[in-house]
Each structure stands twice: as structure tokens, then as C-alpha cells.
Amino acid sequence: MKKIIIVLVLVLICSAFTTATFYPIDGYEHTGIKRLKRLELIKSGEIVEKQTLPEGAFKSYLDIKLNLKEKASDSLHCFFKENDAFQKEISSLFRGLDKSYSLTVMDITDLNNIRYAHRNETSGYQPGSVGKLAVLIGLFNQLSKIYPDDFDKRIQLLKTKVVKAGVWGLTDEHTIPIYNIETKKLVKRQVIANDTFTLFEWADHMLSVSNNGAASIVWREVLLMQAFGEKYPELTEEDALTYFKTTEKKVLTDLGNDVVNLPLRDLGITADEWRLGSFFTRGANTYVGDKGGSIGTPFGVMKFLVQLEQGNVIDAESSLEMKRLMYMTDRRIRYAQAPALKEAAVYFKSGSLYKCDRSNGQVCGKYMGNVQNFMNSVAIVEHPDKTTYMVVLMTNVLRKNSATDHMYLAANIDKLIKK
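Residues numbered from 1 in each chain as written. Predicted model: local features only at pLDDT ≥ 70, side-chain atom pairs only at ≥ 80, totals over all residues. Heavy atoms only, no water.

A few points about the pattern of salt bridges
So, step 1. Following the criterion strictly, the structure yields 18 salt bridges and no others.
So, step 2. Between Glu89 and Lys419 there is a salt bridge whose closest N-O contact spans 2.4 Å. Within this pair, whereas Glu89 is found in helix H4 (residues 84–92), its partner Lys419 is found in the segment after helix H13 (403–418), the two being separated by 330 residues in sequence.
So, step 3. Look at Lys419 and you get exposed, because its relative accessible area is 72%.
So, step 4. In this structure, Arg324 engages Glu321 in a salt bridge whose closest nitrogen and oxygen atoms are separated by 3.1 Å. Here the residue Arg324 and the residue Glu321 both occupy positions in helix H12 (residues 316–326), the gap between them amounting to three residues, near one helical turn. (Salt bridge = Lys/Arg side-chain N within 4 Å of Asp/Glu carboxyl O. Helix = DSSP H or I, 4+ residues; strand = E, 2+ residues; numbered from the N terminus. Buried < 20%, exposed > 50% of the residue type's maximum accessible area, 1.4 Å probe, protein only.)

Set out below in C-alpha cells:
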């Protein structure tokens, strides 16, 4: 009888960790991000709605790990040694394509046989929303300064610090999900000046739906963290507004530029490999100017991904939390939308920027710019069979929506790595 009781206890314990709750659905208690609570209620059946997320979006919150942690002490150059056979195979995927396609790809399935290949990896592109990852790094860098010895307090600040959008959040067409836990109603709309969310929720809006206003708001808070240091947790909206109104614009511009770019330099990523020069909304320019222009390269962003998986971006706990925020649990697009990745966990950021000139009668439209047409994809892919790799793909193909190209390349890269 005693043995039966022990077995039953073990079964119950195991069930507690294998029940059908999935990240980020099971991340609500940890983060306070309200949209996750809604997903939890959908999964439990309390809210009836057809679930359209792919299988790979249901990875457990606690199961998200850093894949290169055991190589945390290895220097960057160890990872970027070209594998001749792998390079030849990857290059074959781009046969006939011009230099508008640039790529870095690293297969880390076997840590004793890491494979790296590239194509025009140092070519510079306007990073678009991929630059939001630099804002994320800046955020966790400042949190580490405020609470250098207490990661739990950093999480608590993200979860409890509520800030208002103001003009910083305006002029973006992307909508955000606003879920009312009491009424169980979901509304999707653009950010308005009176919107208030926690830092965690603004960061989630910045990444999961790539809202530009949210990115500018998070960047603003990173700037304020640097300016006020340990006083930031108690900083009021009135004090912040006074600071912006009474501080010279050049000072704010320099500070804003430093807080997102210097952490990249600390990672060994040069200014020519990845930098941010302007906020993501025009509203932010009320107080902060542009500086230095923005650029991204597949090589520079891959440097970040490697160190993220090592646990070396700020520290191991920060790296893991950033990776969790990158986990694709909203609608997958472009590279991440490839059917081949349906069952894979994908940690993803996409970015685009296009510019049109219709004076010459050339074809031009949304994501089909005839002057510039940047489309960038950053992905960490983890298959159930343990196949794991990282990709940075950047393109500038004029007069063509490159989303299909990104999906095509995703499928073929995946097939090549898994064969």
C-alpha cells in the first residue's frame, strides 16, 4: 500500500510539470503580461476560441534553455570558423541570386561539431525592427545596473513598473493586444497617448507584435534608467516629463544613443556591424534627435545570438529572459512562417523598411519599395528532434515582397541542416 501511495504521489508531481500549459501561456504569473492569461484561459477551455498557433509555439516556459551555456567561456572567434562542406551547401541555395541576399547560419545541434556558413555577412542593411533587439539588450543592461546582485528585483521591476505612452508611442500603424482580465475582452488597436502598461508588457508589445511605439517607450525608459540610476524605480511620470523638458536635446540624444549602442560594443559588435541611430516613432523626436544612422549586418547580429545562447549578454539570467521574450507565440510571419518550422520552437524577430519613388512609373508598394526594400529575419530554431540552429537573413530586393523568398530559404536551410 505504501508503494502505491508513493507511485501516486510521483505521478501527481510529474503531472504538475507536464500539464497542458505552455509558454508563454504559463508565463503570466512570472511576467504579468495579460495577453498570456488570455491564452491560458483559451487552452483550459474557459474561453472558447479556435487556436491557430503552430505546434512549435507551445514550448513550456521552464523548458526554454540556453543552448551554448556549456561553452560560455569560449571566445567568439571559435564559433565563426567556416565549415567548407556546409558552406558549399548553403551557397548552393543562393545560386543565381544577386548580392541583395546576405546571410549567416550556424548549426549548433552537435556542440562538438558546430557548423558555420555565410554569404555577404558584413554587408550593411537598414535593420528596421531587428533593431528592437538592441533596445531589449539596453533594457536588461540598465536593470543590471539598478539591481546588480538581485535578478528577482529586476523581474519585479519589469512586472510592476507602470509607465504611460505619451507622444513616444504615437504614429505607428501596428496594433497591440489589450486584454481585460476582469471582463475577458480582447481589443486590438494602435497605441494612444494615455495607454499605460508595465515594462514587461511594453517589451512584449515591442517584440511579439513589433509595435514601434512600444519600442520607443521601452527605449525612453532605458534612457531614464541611465539618467536616474537607483532612483528610477520611484520615478514619477511628472518627474520624467520635467527631465525631458528641461534637459538639452543634444544631451538626451547622446544619452539615448549610448544606452542602446554601448551594450553592443561590450559584446564585441562594432558600430559598422550593428548600431541604432533613431527612435522608432516620430513622437520621440519631440525630445530626442537622430544620431549616426542605423545599420545591421548578418555577422553583427549573429555575434549577439551566439552570446545570447552562451548566457553572456549581460549575464545568464538576463540572456535567458531575453530569449523567452523572443519566443514566437503570436502570428508567425516571413521566415518563421515556413511550414517546415511548424513543429519547431522559433525565437524570432523580423524587420523591414521600404521606400518608394513613383515618379518614374516603376512598380512600388508596401514591402515592394523601388528605392529601398529591406527585409530582415533573425531566428533561433529548435526542433523536437534536437536539431538546433541560428539564422540571420537580410535582403534588399527591389520591387518585390521578399516574404516568400524568406519562407523558401527557411524551408531549404532547414532541409539542408536536418538531412
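Examining the confidence of the model for the protein
So, step 1. On average, the protein scores 89 in pLDDT, and the residues at 70 or more come to 94%.
So, step 2. Across residues 1–23 the pLDDT falls below 50, and counting only partners more than four positions away or on other chains, this stretch makes 15 contacts in the model. (pLDDT = per-residue confidence, 0-100. Contact = heavy atoms within 4.5 Å.)

Describing the pairing of strand S4 (residues 176–180)
So, step 1. Pairing of S4 with strand S5 (residues 185–189) involves five bridges; the strand directions are antiparallel. Counterpart to Ile176 in the pairing with S5 is Arg189.
So, step 2. What sits between the antiparallel neighbours S4 and S5 is a turn of four residues, in which Lys184 has the positive phi angle 60°. (Pairing = 2+ DSSP bridges.)

Describing the nonpolar core
So, step 1. If you look at the biggest cluster of nonpolar residues, it comprises 91 residues, and the most contacted ones within it are Met106, Trp274 and Phe304.
So, step 2. Residues contacting Met106, with those up to four places away along its chain left out, are Phe79, Phe80, Ile114, Arg115, Tyr116, Met302, Val306, Thr388, Tyr389 and Met390.
So, step 3. Formed by 27 residues, the second largest nonpolar core is a distinct cluster that contains Met328, Tyr335, Leu341 and Leu393. (Core = buried A, V, L, I, M, F, W, Y, C linked by side-chain atoms within 4.5 Å.)

Focus: unusual backbone geometry
So, step 1. Despite not being glycine, Thr171 shows a phi value in the positive range, around 75°.
So, step 2. Position of Thr171 among the secondary structure elements: in the loop between strand S3 (162–164) and S4.
So, step 3. A relative accessible area of 48% means that Thr171 is categorised as partly exposed.
So, step 4. The phi angle at Ile314 is positive, at roughly 70°, despite the residue not being glycine.
So, step 5. Looking at where Ile314 falls in the secondary structure, it is placed in the loop between helix H11 (298–310) and H12.
So, step 6. Exposure remark for Ile314: the relative accessible area of 30% places this residue in the partly exposed category.

Points about the environment of Ala379
So, step 1. Mapped onto the elements of the fold, Ala379 is located in strand S10 (residues 372–382).
So, step 2. Separated by 33 residues in the primary sequence, Ala379 and Val346 have C-alpha atoms spaced 6.4 Å apart.
So, step 3. Setting aside residues no more than four positions away along its own chain, Ala379 makes contact with Leu305, Tyr335, Val346, Tyr347, Phe348, Tyr389, Met390 and Val391.

Describing the sheet that holds strand S11 (residues 388–396)
So, step 1. Taken in spatial order, the five strands line up as S2-S1-S11-S10-S9 in an open sheet, and their pairing is antiparallel. At either end of the open sheet lies a strand with only one pairing partner, and these are strand S2 (115–119) and strand S9 (345–355). Strand after strand, the sheet turns through a mean of 5° between neighbouring axes, direction not considered.
So, step 2. Bridge analysis of strand S1 (residues 101–107) against S11 gives seven bridges, and the strand direction is antiparallel. The residue bridging Thr104 from the neighbouring strand is Val392, located in S11. (Axes fitted to C-alpha atoms, helices over the stretch in contact; angles between N-to-C directions.)

Description of H4
So, step 1. Here H4 has its buried residues at Phe86, Gln87 and Ile90. Down the axis of H4, the buried side of the element spans an arc of 100°, and every buried residue falls inside it. Within H4, the exposed residues directed more than 90 degrees away from the buried face are Asp84, Ala85 and Lys88.
So, step 2. Contacts from the buried residues of H4 go to S1, S2 and H13.
So, step 3. Between the side-chain oxygen at the start of H4 and the backbone nitrogen of Ala85 there is a gap of 3.3 Å, and the oxygen is on Asn83. (Arc of directions from axis to C-beta. Polar contact = N/O pair within 3.5 Å; in protein donor to acceptor, adjacent residues only side chain to side chain.)

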